[in-house]
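Residue-level listing of the chains:
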Amino acid sequence: QVQLVESGGGLVQAGESLRLSCAASGRTFSSYAMGWFRQAPGKEREFVAAISWGAGSTYYADSVKGRFTISRDNAKNTVYLQMNSLKPQDTAVYYCAASRSVMTRAEGRYDYWGQGTQVTVSS
């Protein structure tokens, strides 16, 4: 069992940056691959980024490559999403998730989900 709590969302202007955090508790955090997803109003939830259990591999959606960076600090049981050069199109509720499987963008492979944190980017 893993419990995930996101934080760090807020309201920013286009071009600014935010760093989201996801604090984990429960089973050994370092044994899980982690991912970030987002869901905009009226849209389906979509994959954003993922990181392997040992942080040796990362994967990003094309829409955020070069702007977002996923990282993890296993000693602090925390995964981060650094978001730079934010665009209005990035506005969404952002969710972190944990997978007992390998790093994946497939939503169905994630076993635990956080409650989400709102990111709003104004133009």
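Higher on the page you've got the structure.
From a predicted model like this one, the values you see are computed outputs, not experimental measurements.

What counts, and where the lines are drawn
Residues numbered from 1 in each chain as written. Predicted model: local features only at pLDDT ≥ 70, side-chain atom pairs only at ≥ 80, totals over all residues. Heavy atoms only, no water. Buried < 20%, exposed > 50% of the residue type's maximum accessible area, 1.4 Å probe, protein only. Helix = DSSP H or I, 4+ residues; strand = E, 2+ residues; numbered from the N terminus. Pairing = 2+ DSSP bridges. Disulfide = S-S within 2.5 Å.

K.L.:
Explain the pairing of strand β8 (residues 78-83) to me, please; I cannot follow it from the model alone.
P.N.:
The side chains of a regular strand alternate between the sheet's two faces. Counting buried positions over the six residues of β8 gives five, a clear majority of the element. The pairing of strand β3 (residues 18-26) with β8 spans six bridges and is antiparallel. Paired with L18 across the two strands is M83, which belongs to β8. Hairpin connection from strand β7 (residues 68-73) to β8: four residues lie between these consecutive antiparallel strands, with N77 at a positive phi of about 55°.

K.L.:
Any chance you could explain the state of the cysteines here in plain terms?
P.N.:
Simply put, the disulfide is a covalent bond whose two ends are the sulfur atoms of two cysteines. What the rule picks out here adds up to one disulfide. Two residues share a disulfide in this structure: C22 and C96, whose sulfurs sit 1.9 Å from each other. Between C22 and C96, the disulfide has an S-S torsion of 55° and is therefore right-handed. One end of the pair, C22, is in strand β3; the other, C96, is in strand β9 (residues 92-99), and 74 residues separate them in sequence.

Nothing here speaks to function; it is geometry throughout.
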